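# Structural features, examined
As a plain string of letters, each chain reads:
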Amino acid sequence: EPEVTQTPSHQVTQMGQEVILRCVPISNHLYFYWYRQILGQKVEFLVSFYNNEISEKSEIFDDQFSVERPDGSNFTLKIRSTKLEDSAMYFCASSTPIGARGPYEQYFGPGTRLTVT
Amino acid sequence: GEDVEQSLFLSVREGDSSVINCTYTDSSSTYLYWYKQEPGAGLQLLTYIFSNMDMKQDQRLTVLLNKKDKHLSLRIADTQTGDSAIYFCAERDPLGAGSYQLTFGKGTKLSVIP
């Protein structure tokens, strides 16, 4: 069964450094998302991406964040200058096969745990 | 905007039924989802229901929706120790309102006592 994959599973970085989190969405999906979950808190929406551009972003997704789909398979989240409060689990999700109608289920990857020291 | 609330903890004995509750705020037509998160793992989609439905059954899982009260529940029949996890209720952006992003509750931690 197709699944969303993410790398790395755990990333440790120093404050101020740039990190790139990588995701491979399900191949025939059209919408891609990043969410984050700070330890013990809700899963929060960061950004959605459709047709090679950001379709929606939350207040959390400020100028230090960017997303890219550099080729036909990868979807990346870049944090330019990490802060301690960026420490969280980051989940990638994809949805909506080409031609689909209906619930547009979002399928999540296993997450990347980002630790900023 | 949307808001989703859940109770934080639930403890049941193995073999009993579990009922996890959720309330949501948006009254527009939308989909509501249940996800399961096991320790250290990602979010696994369990089931979903459209907001014009009352009930959906899928093997041991039954989803009940009370539209008037905006109350959603997930019933797990014959709960097993492998059902121990955090269960998240999520509401999708209403139809036509955006990119179908999800708003999650805080999650209910289900503990199954053998």
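Residues numbered from 1 in each chain as written. Chains lettered and ligands numbered in written order. Predicted model: local features only at pLDDT ≥ 70, side-chain atom pairs only at ≥ 80, totals over all residues. Heavy atoms only, no water.

### What to know about unusual backbone geometry
All names here are of chain A.
- P8 follows T7 through a cis peptide bond whose omega is -10°.
- Mapping P8 onto the fold places it in the loop between β1 (5–7) and β2 (10–13).
- Of note in the backbone geometry, N51 takes a positive phi value of approximately 55° without being a glycine.
- Turning to its location among the elements, N51 is positioned in the loop between β5 (43–50) and β6 (53–57). (Helix = DSSP H or I, 4+ residues; strand = E, 2+ residues; numbered from the N terminus.)

### Details of the packing of aromatic side chains
- One pass over the structure, following the stated rule, counts 21 aromatic pairs over all chains.
- Centroid distance Y35 of chain A to F108 of chain A: 5.2 Å. Interplanar angle 45°. Geometry classified as tilted. Note that Y35 of chain A is positioned in strand β4 (residues 29–37) and F108 of chain A in strand β10 (residues 106–108), a separation of 73 residues in sequence.
- With relative accessibility at 9%, the residue F108 of chain A sits in the buried group.
- Between the aromatic rings of Y35 of chain B and F104 of chain B, the centroid separation amounts to 5.7 Å while the plane-to-plane angle is 50°, which identifies the pairing as tilted. Of this pair, Y35 of chain B sits in strand β4 (residues 31–37) while F104 of chain B sits in strand β10 (residues 102–104), and the two are 69 residues apart along the sequence. Like F104 of chain B, Y35 of chain B is buried.
- Positioned over the ring face of Y48 of chain B is K56 of chain B, at 3.5 Å from the centre of the ring. (Phe/Tyr/Trp six-rings, centres within 6.5 Å; stacked < 30°, edge-to-face > 60°. Buried < 20%, exposed > 50% of the residue type's maximum accessible area, 1.4 Å probe, protein only. Lys NZ or Arg CZ within 6 Å of the ring centre and 35° of its normal.)

### Re the interface of chain A and chain B
- Counting residues at the interface gives 20 residues for chain A and 23 residues for chain B.
- Both faces considered, chain A and chain B share a buried interface measuring about 1,800 Å² in area, 57% of it formed by carbon and sulfur atoms.
- Joining chain A to chain B, the criterion identifies 1 salt bridge.
- The salt bridge partner of D3 of chain B is K42 of chain A, with a shortest N-O separation of 3.4 Å. (Contact = heavy atoms within 4.5 Å. Buried area = accessible area lost by both parts, 1.4 Å probe. Salt bridge = Lys/Arg side-chain N within 4 Å of Asp/Glu carboxyl O.)

### Brief notes about the sheet that holds β1 of chain A
All names here are of chain A.
- Spatial ordering of the open sheet is given by β1-β3-β8-β7, a layout of 4 strands whose pairing is antiparallel. Sheet topology places β1 and β7 (65–68) at the edges, where each strand pairs with a single neighbour. If you compare each strand with its neighbour and ignore which way they point, the axes differ by 20° on average.
- In this structure, β7 lies alongside strand β8 (residues 75–79), joined through 4 bridges in antiparallel fashion. Pairing of F65 across the sheet is with I79, part of β8. (Pairing = 2+ DSSP bridges. Axes fitted to C-alpha atoms, helices over the stretch in contact; angles between N-to-C directions.)

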